[in-house]
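Chain by chain, the residues run as shown.
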Amino acid sequence: MTDIESRIDTSRPHTARIWNYWTGGKDNYPVDREAGDRIRELHPGIGEYAKADRLFLGRAVRYLAGQEGVRQFLDIGTGLPSADNTHEVAQRVAPDARVVYVDNDPLVLAHARALLVGTPEGATDYLDADLRDVDTILAAAAKTLDLSKPVALMLLGVVIFVEDDEESYGVVRRLMDALAPGSHLVLSHTVTHPDMPDVDAAVAFWNEHGTPKLTQRTPEAVARYFDGLELLEPGVVSCSAWRAERPAPDVAMYAGVGRK
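None of the values given here were measured: they were computed from a predicted structure. (Residues numbered from 1 in each chain as written. Predicted model: local features only at pLDDT ≥ 70, side-chain atom pairs only at ≥ 80, totals over all residues. Heavy atoms only, no water.)

Asker: Run through the pairing of strand β4 (residues 152-156), naming residues and quoting values.
Answerer: With five of its five residues buried, β4 lies for the most part within the structure. Going residue by residue along β4, you find Ala 152, Met 154 and Leu 156 tucked away on one face and Leu 153 and Leu 155 tucked away on the opposite face as well. Bridging between strand β1 (residues 72-76) and β4 involves three bridges; their strand directions are parallel. Paired with Phe 73 across the two strands is Ala 152, which belongs to β4. As paired elements, β4 and strand β5 (residues 184-190) share five bridges and run parallel to each other. Across the sheet, residue Leu 155 finds its bridge partner in β5, namely Leu 187. (Buried < 20%, exposed > 50% of the residue type's maximum accessible area, 1.4 Å probe, protein only. Helix = DSSP H or I, 4+ residues; strand = E, 2+ residues; numbered from the N terminus. Pairing = 2+ DSSP bridges.)

Put into structure tokens, the structure is as follows:
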């Protein structure tokens, strides 16, 4: 058994694997499917969040690569490989795009090779690091990315795992401070909202049974991550509504894109 394999715990449900289950993937275990089904009983629409967040990623990356001319992406909290990963979307628009993925989940690491296949003109790399390891991430990312030029920092559904508010805001601020003017922050976050009480029940179930535990924040608290940045239209909204091609129901995963 490799070191990575020894770190995979199949006795408890795991966020990345449940997310994978909800999006139709095969990289999950019975314990994940059981928990995913239970959460879906508590909040029937929650499986749509994963799909909506993935579609938001695609729209944001296409916009940044196409309209903003961004050629570098730092994707932290990558998750398990799925359809239309960041490098696939970006390199479809700009074959010379360079992408660095960061995650500390052992199952994601075990599938890293699937993420490392990009275009010959561009580059992809993968780092085993925690979101909080800002200095480690920046130093390693600089081997593939030119941090003196604009970078899109992708933080989709990952700051929810930093419970302390000031620590989570501080990590995002430190990362953005290290990036060049013209860089962008792309962030999504599970929210608590009075119109969606069943979401709170689903999150409570998850935090009792699953790993890692997650923190909900209000839409206003999510907007704080973009303080000091130029928030692009339509602002911080349900990720299903961010520059969507057609109307879609709101989900309790809010997202935005801001320019430095």
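Asker: Outline the pairing of β1, listing residues and values.
Answerer: The element β1 is extensively covered by neighbouring structure, given that five of its five residues are classed as buried. Of the two faces of β1, the one carrying Gln 72, Leu 74 and Ile 76 and the one carrying Phe 73 and Asp 75 are both buried. Of the strand pairs in this sheet, β1 and strand β2 (residues 98-103) are connected by five bridges, and their pairing is parallel. Looking at β2, one finds that Leu 74 is bridged to Val 100. Each parallel crossover has a hand, and the one from β1 via helix α5 (residues 86-93) to β2 is right-handed. (Right-handed = clockwise from strand over helix to strand, strands pointing away.)

Asker: Give me the lowdown on the pattern of salt bridges, citing residues and values where you can.
Answerer: Per the counting criterion, the structure on display carries nine salt bridges. Taking the shortest distance from any N to any O, the salt bridge between Glu 167 and Arg 132 comes out at 3.4 Å. One end of the pair, Glu 167, is in helix α9 (residues 165-177); the other, Arg 132, is in the loop between β3 (123-128) and α8 (134-141), and 35 residues separate them in sequence. Exposure remark for Glu 167: the relative accessible area of 34% places this residue in the partly exposed category. You can call Arg 132 partly exposed: its relative accessible area is 33%. In this structure, Glu 230 engages Arg 259 in a salt bridge whose closest nitrogen and oxygen atoms are separated by 2.7 Å. Linking Glu 230 in strand β6 (residues 230-231) with Arg 259 in strand β8 (residues 253-259), this pair joins segments that are 29 residues apart in sequence. Through salt bridges that share partners, Glu 68, Glu 230 and Arg 259 make up one connected network. (Salt bridge = Lys/Arg side-chain N within 4 Å of Asp/Glu carboxyl O.)

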